[in-house]
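Chain residues, written in single-letter form:
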Amino acid sequence: MAQFPLTSNFEGDFVLQLLPVDTENSMDEVTELAAYHSVGRRVKARPGHILRVRKQGSTEPLPRTMKVAEAGFKPTECIEIIWEPASQQGTSA
Amino acid sequence: MALLNRMDWYDIARTTNWTPKYVKESELYPDEMCGSMGIPMEKWEVYDEPYKQTYPEYVKVQREKDAGAYSVKAALERSRIFENADPGWLSVMKAHYGAIARGEYGAASAEARMMRFSKAPGMRNMATLGCMDEIRHSQMQLYFPHEYVSKDRQFDWAHKAYDTNEWAMIASRHFFDDMMLTRDAISVSIMLTFAFETGFTNMQFLGLAADAAEAGDFTFSSLISSIQTDESRHAQIGGPVLQILIDNGKKAEAQRQIDISFWRAWKLFSVLTGPIMDYYTPLEHRKQSFKEFMEEWIVAQFERSINDLGLDKPWYWDQFLHDLNIQHHGMHLGVWFWRPTVWWNPAAGVTPAERDWLEQKYPGWNDTWGQCWDVIIDNLVEGNLAKTYPETLPVVCNMCNLPINFTPGKGWAVKDYPLEYKGRLYHFGSEPDRWCFEQEPERYAGHLSLVDRFLAGQIQPPNLAGALAYMGLAPGEIGDDAHGYSWIEIYKQMRMKKAS
């Protein structure tokens, strides 16, 4: 367990933000931490959607249960937090 | 005794390139200070300054300018502009003075370097006058806000800002140190006078003078108009330098310096002038949008200057024109949202009428930045002020040191431009920002952005209170909404009307 800095690029928001996470956090937990700084502050919640993490430049989200330590992130690397219709679940998790 | 006309003696009087006997030319003009790119002395002697002025003429004109600006100030001291002006206008003054006044002293140092180390005699003459200009600008822009310090501590930042680690000042210092304080005389003439002053000071001083007059602040208007008359003279130092560089096969290097400086200036003005023109200046006093001012005073003028010299537009020109619609909206939203971290009180500028104006000037505004502001407005209407404050830091660009931001909402296009250099991951807000870094990585690599400093443990305790202390923002100085959130009343009324 160790603190790990990432950069959050949250879909619909306007700015990159510093996102301290833990190496043991899952990608789902990372999205919750990122949403705390964007949703309800400058981004409206989207009912019927979940949030996913993907690396910048990638179109595929990372597995929801993958841990930060397993993702191969560099410290402060920019990750994209994107909305995904809940109905898509099971197709890309 | 009859005096000779200026042009009967000017050329011979400023022909001062004597042949040194006791030192070598390379000692008199060390290349790291001179930056003559191997072009021999005699080639520099063809420098022909487009604006010729002698010292007696300079003193006479400057005395009249000073008398004019100070007289207006004295005459209008009882006009109670501080008490009567819109709070958004006071924020314009606070932001301007803090960001500019002490930087003018830095510019005096840069002019002094050209005065001493340029191999072109005419350039040395112009820079001598330019150096005195900049000292005058700093003195005036410290003196004029001083009368407000006893009324509002934020005006103290006219002097204090440059000595702090406040984030906007880190950005400002990074740019001005790069352009003015760490470059040789020739580079200064290109990067400061040609790329920056020719275009961007027009923006800040002419554009703002028009807005000031509209807002009824004739003291500020006459002050910055007075300054601009100097700028428009000494900004011409760089033009003939560029001609000499082009004539001697150094076009590529000249172009590179212009491209770096122009982009860097643009980014700084997107946070300093953009919000002022499109959000802080009261709607009824706005002359043109920021984009319209940029297109008229910078794009057209700069393109003409470049074409006249036979140079190319910067390689990122199309992107720059595109970003005129975008970048400053995000800078404004960021400043407002992180408002405790600035020394002025940002005006939100998003009442329904102002949003209509923004939509008209920037089609699509409501579907993009408007979407972020919708959430903020909902929170304010519902009394949820805590949600309108940040709880983390924005990631800032390792070149411009400003928050990395771009279009939100339906047009979401925010992106990081990373670069790994010697094992460190750098972040940039755009391709041109990253390109600037890549031109001379060692010049910039050691600098720590505010976020880098936070992660290095330099900001303690690592929270908002620690950050404010690190930035030197004392109680009574930290920023808040310029109008004390009174503008939200119209939204409350709209909601009540809708509910009934």
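Scroll up a little and you will see the structure.
An account of the accompanying structure is given in this report. Note that the structure is a prediction, hence the values are computed from the model and not measured.

Section: the overall build of chain B
Right, on to step 1. Each helix and strand in chain B was counted, giving 24 helices and 2 strands.
Right, on to step 2. Over its C-alpha trace chain B gives a radius of gyration of 24 Å, about what one expects of a compact globule, namely 23 Å for 500 residues.
Right, on to step 3. Projecting the C-alpha coordinates of chain B onto the three principal axes gives extents of approximately 85 × 60 × 40 Å.
Right, on to step 4. Residue burial in chain B is summarised as follows: out of 500 residues, 59% are buried.
Right, on to step 5. For chain B, the accessible area works out to roughly 19600 Å², and carbon and sulfur atoms hold 55% of it.
Right, on to step 6. Distance between charge centroids for chain B: 2 Å, based on 50 positive and 67 negative side chains.

Some details on the overall build of chain A
Right, on to step 1. On a plain count of helices and strands, chain A comes out with 1 helix and 4 strands.
Right, on to step 2. Secondary structure elements of chain A, listed N to C terminal, follow the sequence β-β-α-β-β.
Right, on to step 3. For 93 residues, the compact-globule estimate of 2.2 N^0.38 gives 12 Å, and chain A sits close to it at 12 Å.
Right, on to step 4. Structurally, chain A occupies a C-alpha span of about 35 × 30 × 25 Å along its principal axes.
Right, on to step 5. Scored against the burial criterion, the 93 residues of chain A give a buried share of 56%.
Right, on to step 6. Considering only intrachain contacts with a sequence separation of at least 6, the fraction spanning at least 24 residues in chain A is 63%.
Right, on to step 7. Carbon and sulfur atoms form 54% of the exposed surface of chain A, whose accessible area is close to 4000 Å².
Right, on to step 8. When the 10 positive and 12 negative side-chain charges of chain A are each reduced to one mean point, those points stand 5 Å apart.

Some points on the interface of chain A and chain B
Right, on to step 1. Counting residues at the interface gives 29 residues for chain A, matched by 38 residues for chain B.
Right, on to step 2. Of the roughly 2600 Å² buried between chain A and chain B, counting both surfaces, carbon and sulfur atoms make up 62%.
Right, on to step 3. If you sort the residues of chain A by the area they bury against chain B, Phe14, Leu18 and Arg41 of chain A come out on top, with a joint share of 30%.
Right, on to step 4. The partner of glutamate 420 of chain B in a salt bridge is lysine 74 of chain A, and the shortest N-O contact between them spans 3.1 Å.
Right, on to step 5. One can count 16 residue pairs in polar contact (both at pLDDT 80 or more) joining chain A with chain B.
Right, on to step 6. At the level of elements, strand S1 (3-10), strand S2 (17-22), helix H1 (27-38) and strand S4 (78-85) of chain A are the ones that each hand at least two residues to the side of chain A that touches chain B.
Right, on to step 7. Top contributing element to the side of chain A that touches chain B by residue count: S1 of chain A, with 4 residues.
Right, on to step 8. Classifying every residue of the side of chain A that touches chain B gives 12 nonpolar, 8 polar and 9 charged.

Side note on the nonpolar core
Right, on to step 1. Ranked by size, the top nonpolar core spans 155 residues in total, and within it Phe320 and Trp373 of chain B carry the most contacts.
Right, on to step 2. In terms of residue count, the dominant contributor to this core is helix H14 (residues 251-280) of chain B (15 residues).
Right, on to step 3. Excluding anything up to four places from it in sequence, tryptophan 373 of chain B contacts His332, Leu333, Trp336, Ala348, Val350, Arg355 and Trp365 of chain B.
Right, on to step 4. One finds Leu6, Met27, Ala71 and Trp83 of chain A within the second-largest nonpolar core, a separate group that totals 21 residues.

Things to note about the sheet that holds S2 of chain A
What links the strands of a sheet is backbone hydrogen bonding, and the strands pair in either a parallel or an antiparallel sense.
Residues and elements named next belong to chain A.
Right, on to step 1. In spatial order, the strands read S2-S1-S4-S3; together these 4 strands make up an open sheet with mixed pairing. Strands at the two margins of the open sheet, each flanked by one partner only, are S2 and strand S3 (49-55). Ignoring which end each strand starts from, the neighbouring axes of this sheet average 45 degrees apart.
Right, on to step 2. Relative to S4, S1 runs parallel, the two being bridged by 4 bridges. Directly across from phenylalanine 10, in S4, lies its bridge partner isoleucine 81.
Right, on to step 3. Contacts from H1 reach S1, S2, S3 and S4, with the element oriented near 145 degrees to S2.

As for the packing of aromatic side chains
All names here are of chain B.
Right, on to step 1. This model, assessed by the stated rule, comprises 37 aromatic pairs over all chains.
Right, on to step 2. Residues phenylalanine 176 and phenylalanine 196 carry aromatic rings whose centres are separated by 5.6 Å and whose planes lie at 80 degrees to one another, so their mutual orientation is edge-to-face. Here phenylalanine 176, found in helix H10 (residues 167-181), pairs with phenylalanine 196, found in helix H11 (residues 185-214); they are 20 residues apart in sequence, far enough to count as distant.
Right, on to step 3. Linked through ring pairs, Phe175, Phe176, Phe194, Phe196, Phe200, Phe262, Trp266, Phe269, Phe290, Phe302, Trp317 and Phe320 together constitute an aromatic cluster.

With respect to unusual backbone geometry
Residues and elements named next belong to chain B.
Right, on to step 1. For the bond from glutamine 460 to proline 461, the omega torsion is -15 degrees, close enough to zero to count as cis.
Right, on to step 2. Following the sequence through the fold, proline 461 ends up in the loop between helix H22 (450-455) and helix H23 (464-470).
Right, on to step 3. Its identity as a non-glycine residue notwithstanding, tyrosine 485 has a phi of 65 degrees, on the positive side.
Right, on to step 4. Of note, tyrosine 485 is situated in the loop between H23 and helix H24 (489-499).
Right, on to step 5. Residue tyrosine 485 is classed as buried on the basis of its relative accessible area of 14%.

Overview of the side chain of arginine 52 of chain A
Residues and elements named next belong to chain A.
Right, on to step 1. By the secondary structure assignment, arginine 52 is in strand S3.
Right, on to step 2. Given the relative accessible area of 1%, arginine 52 is considered buried.
Right, on to step 3. Polar contacts involving the side chain of arginine 52 include one to the side chain of glutamate 84, which spans 3.1 Å.

Some points on the pairing of strand S1 (residues 417-421) of chain B
Along any regular strand the residues' side chains alternate between the sheet's two faces.
Residue and element names in this part refer to chain B.
Right, on to step 1. By the alternation rule, side chains of S1 split into Tyr417, Leu419 and Tyr421, which are all buried, and Pro418 and Glu420, of which none is buried.
Right, on to step 2. In this sheet, strand S2 (residues 424-428) lies alongside S1 in antiparallel orientation, the contact comprising 5 bridges. Bridge assignment links tyrosine 421 to a residue of S2, and that residue is arginine 424.
Right, on to step 3. Connecting S1 to the antiparallel partner S2 that follows it, the hairpin turn spans 2 residues, and lysine 422 within it adopts a positive phi of roughly 50 degrees.

Looking at the state of the cysteines
All names here are of chain B.
Right, on to step 1. By the definition in use, this model includes 0 disulfides over all chains.
Right, on to step 2. Between cysteine 131, a cysteine without a disulfide, and cysteine 34, which holds the nearest cysteine sulfur, the sulfur-to-sulfur distance is 17 Å.
Right, on to step 3. Here cysteine 400 is not disulfide-linked; the sulfur of cysteine 397 is the nearest cysteine sulfur, at 3.8 Å.

Details of helix H12 (residues 218-234) of chain B
All names here are of chain B.
Right, on to step 1. With 17 residues, H12 should reach 24 Å at 1.5 Å per residue; the first-to-last C-alpha distance of 25 Å fits that figure.
Right, on to step 2. Burial analysis of H12 places 12 of its 17 residues in the buried class, the great majority of the element.
Right, on to step 3. Restricting attention to buried positions, one finds in H12 the residues Thr219, Phe220, Ser221, Leu223, Ile224, Ser226, Ile227, Gln228, Asp230, Glu231, Arg233 and His234.

Criteria and cut-off values
- Residues numbered from 1 in each chain as written.
- Chains lettered and ligands numbered in written order.
- Predicted model: local features only at pLDDT ≥ 70, side-chain atom pairs only at ≥ 80, totals over all residues.
- Heavy atoms only, no water.
- Helix = DSSP H or I, 4+ residues; strand = E, 2+ residues; numbered from the N terminus.
- Rg over C-alpha atoms; globule rule 2.2 N^0.38 Å.
- Buried < 20%, exposed > 50% of the residue type's maximum accessible area, 1.4 Å probe, protein only.
- Areas by Shrake-Rupley, 256 points an atom, 1.4 Å probe, with all protein chains shown as cover.
- Lys, Arg positive; Asp, Glu negative; His and termini not counted.
- Charge placed at Lys NZ, Arg CZ, Asp CG, Glu CD.
- Contact = heavy atoms within 4.5 Å.
- Buried area = accessible area lost by both parts, 1.4 Å probe.
- Salt bridge = Lys/Arg side-chain N within 4 Å of Asp/Glu carboxyl O.
- Polar contact = N/O pair within 3.5 Å; in protein donor to acceptor, adjacent residues only side chain to side chain.
- Nonpolar A, V, L, I, M, F, W, Y, C, P; charged D, E, K, R; others polar.
- Core = buried A, V, L, I, M, F, W, Y, C linked by side-chain atoms within 4.5 Å.
- Pairing = 2+ DSSP bridges.
- Axes fitted to C-alpha atoms, helices over the stretch in contact; angles between N-to-C directions.
- Phe/Tyr/Trp six-rings, centres within 6.5 Å; stacked < 30°, edge-to-face > 60°.
- Disulfide = S-S within 2.5 Å.
- Expected span 1.5 Å × (residues − 1).

Read these as spatial facts, not as claims about activity.
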